[in-house]
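Examination of the molecular architecture
These are the residues of each chain, in order.
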Amino acid sequence: MSTKRSSDPVDHDTIAHVLIEALPYIQAFHGSTIVVKYGGNAMVDASLKAAFARDIVLMKLVGMNPIVVHGGGPQIGDLLDRLQIPTKFIDGMRVTDTATMDVVEMVLGGLVNKDIVSLLNAAGGRAVGVTGKDGNLIRATRMTIKRESPELEVPEIIDIGHVGEVDTVNGDVIDTLVNNHFIPVIAPIGVGDDGESYNINADFVAGAIASHLRAEKLMLLTNTPGILDSDGDTLTGLDRREANGLIRNGAIDGGMLPKVECALSAVEAGVHSVHIIDGRVQHAVLLEVLTDGGVGTLIQNASNDA
Ligand SMILES: Nc1ncnc2c1ncn2[C@@H]1O[C@H](COP(=O)(O)OP(=O)(O)OP(=O)(O)O)[C@@H](O)[C@H]1O
Ligand SMILES: [Mg+2]
């Protein structure tokens, strides 16, 4: 923006209006926990990543408690390709043998986690990255896939290796960080009873953490404008009945399934609202939290007050 434009009185009005529009939101969400899941697919562009980091730092500085959970599917795929480790997917889940799990842990807990930590710190924040292993934050159990077919009397159980589900959340490490004014950045790796690492879908980790903390908001950033219906239009809201219908007719599938499931469970567990928003839009988080014009799909418990 040039000096001339910013000294224009009309612009001053606009700027003041935008800043004042944020005031009630800053007041309402002061001290609130806001869990933000940053999807691997929305994390590829450098300027978007920098804008995301500034949004999170601004939220922290105006008194909210943002907690970042990240994915990293594309980044894991890249390194597996470079290492020439072949990958197989069953029902959208990556079959994760020990060699693949080593790569998953290096990419999520190392590259992607520290990349986000560095961006937040470069934007003036104080971020600390952890995986679900740190402080036993996420206890996981092994996930198996059940296949039913008319030829089989009992469903076939398929072992997909080190893929886990959240069993319990121990929030001590998050509390310690938040109480000391740090922004926690969490990689979706859980630890089993045997000490083994488990790769968990980041949406489920974000949902479980938001539920455990009874967060005010859970925001799931992805690479679509929100949840789309069968015509490709963005749904502004959704309840369990509508979601089931859209899953049955195939309008919701793939990577959107865990998001919808974790969004509905989170509101049922007491999270006030879940927002599925387009992480490809610059400053999508700030636009959602601090302005009247929310973007994407909003999911709230029917019994929640508006
Ligand atoms: N009804 C739907 N509305 C929107 N997206 C849908 C729908 N059904 C399926 N999808 C798919 O879900 C994808 C988003 O999930 P995906 O797991 O690929 O990304 P992510 O969760 O943001 O990233 P990551 O898994 O790396 O954390 C979309 O790109 C789209 O292809
Ligand atoms: Mg996903």
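Residues numbered from 1 in each chain as written. Chains lettered and ligands numbered in written order. Predicted model: local features only at pLDDT ≥ 70, side-chain atom pairs only at ≥ 80, totals over all residues. Heavy atoms only, no water.

Some details on the overall build of the protein
Using the following cut-off: Secondary structure elements follow DSSP: runs of H or I no shorter than four residues count as helices, runs of E no shorter than two count as strands, and numbering proceeds from the N terminus. Any residue under 20% of the maximum accessible area for its type is buried, any over 50% is exposed, and the rest in between are partly exposed; the area is computed with a 1.4 Å probe on protein chains only. The contact rule is simple, with two residues in contact once any of their heavy atoms fall within 4.5 Å. Only the protein chains shown count as cover for residues, and the accessible areas themselves come from Shrake-Rupley with a 1.4 Å probe. Under this rule, positive means Lys or Arg and negative means Asp or Glu; His and the chain ends count for nothing. All charge positions are set by atom: Lys at NZ, Arg at CZ, Asp at CG, Glu at CD.
In terms of regular secondary structure, the protein is built from ten helices and 13 strands. Taken over the C-alpha atoms alone, the protein extends approximately 75 × 40 × 35 Å along its principal axes. Taken over 306 residues, the protein has a buried fraction of 46%. Across the protein, contacts joining residues at least 24 apart in sequence account for 74% of those joining residues at least 6 apart. Summed over its atoms, the accessible surface of the protein is roughly 14900 Å², and 53% of this surface lies on carbon and sulfur atoms. Distance between charge centres in the protein, computed from 23 positive and 40 negative side chains, equals 4 Å.

Quick word on the site of ligand 1
This is how it is decided: One heavy atom suffices: a residue is near a molecule or strand as soon as one of its heavy atoms comes within 4 Å of it. Cavity: a set of points on a 1 Å grid over the protein atoms alone where a 1.4 Å probe fits but cannot get out. Pocket: an open set with protein on both sides within 12 Å along at least five of seven lines, its lining residues, like those of a cavity, having an atom within 4 Å of a point. Here the criterion for a molecule occupying a pocket or cavity is that more than half of its atoms lie within 2 Å of the pocket grid points. Residues are grouped as follows: Ala, Val, Leu, Ile, Met, Phe, Trp, Tyr, Cys and Pro are nonpolar; Asp, Glu, Lys and Arg are charged; all remaining types, including Gly, are polar.
Close to ligand 1 lie 22 residues; K37, T222, N223, A251 and K259 are nearest. Protein contacts shield 79% of the accessible area of ligand 1, which totals 630 Å² for the unbound molecule. Because more than half of its atoms lie within 2 Å of the grid, ligand 1 is assigned to the largest pocket. Contributing elements (two or more residues each) for the shell around ligand 1: α4 (73-82), β11 (217-222) and α9 (256-268). Its residues placed into classes, the shell around ligand 1 shows seven nonpolar, eleven polar and four charged.

As for the sheet that holds strand β1 (residues 33-38)
In sheet architecture, strand pairing relies on hydrogen bonds along the backbone and comes in two forms, parallel and antiparallel. To keep things clear, this is the line we draw: Should DSSP find at least two bridges between two strands, the strands are taken to pair. Between N-to-C directions, angles span 0 to 180 degrees; the directions come from axes that are lines fitted to C-alpha atoms, helices contributing only their stretch in contact.
Pairing is mixed in the open sheet, where seven strands are placed in the order β5-β8-β2-β1-β11-β12-β13. The open sheet has two free edges, formed respectively by β5 (127-131) and β13 (297-299), since each of these has just one partner strand. This sheet shows a mean twist of 20° between the axes of neighbouring strands, independent of strand direction. Note: β1 against β11, five bridges, orientation parallel. Paired with V36 across the bridge in β11 is M219.

Quick word on a nonpolar patch on the surface
Under the convention used in this document: Patch members must show over 30% relative accessible area and no salt bridge, and they are joined within 9 Å when carrying like charges or within 5 Å when they are nonpolar side chains of Val, Leu, Ile, Met, Phe, Trp or Tyr. Salt bridge, as used here: a side-chain nitrogen of Lys or Arg that lies within 4 Å of a carboxyl oxygen of Asp or Glu.
Together, V281, L287 and V295 line one region of the surface with nonpolar side chains, adding up to about 190 Å² of accessible area. Residue position: V295 is located in the loop between α10 (284-290) and β13.

Here's the deal with the layout of surface pockets
What counts is decided by this rule: Grid points are joined across faces, edges and corners, and a volume is the space filled by probe spheres set on the points.
Within this model, the largest pocket holds a volume of roughly 1100 Å³. Those elements giving two or more residues to the lining of the largest pocket turn out to be α4, β4 (93-94), β7 (156-169), α7 (202-213), β11, α8 (240-248) and α9. In terms of residue count, the dominant contributor to the lining of the largest pocket is α9 (seven residues). Counted by class, the lining of the largest pocket contains 24 nonpolar, 17 polar and seven charged residues. Lining the second largest pocket, in full, are V18, L19, A22, I26, L58, V62, H283, L286, L287, L290 and T291. If you list the elements that add at least two residues to the lining of the second largest pocket, you get α2 (9-28) and α10.

Concerning the environment of G132
One can find G132 in the loop between β5 and β6 (138-147). The spatial distance from the C-alpha of G132 to the C-alpha of D97 is 19 Å, given a sequence separation of 35 residues.

That is the geometry; function is a separate question.
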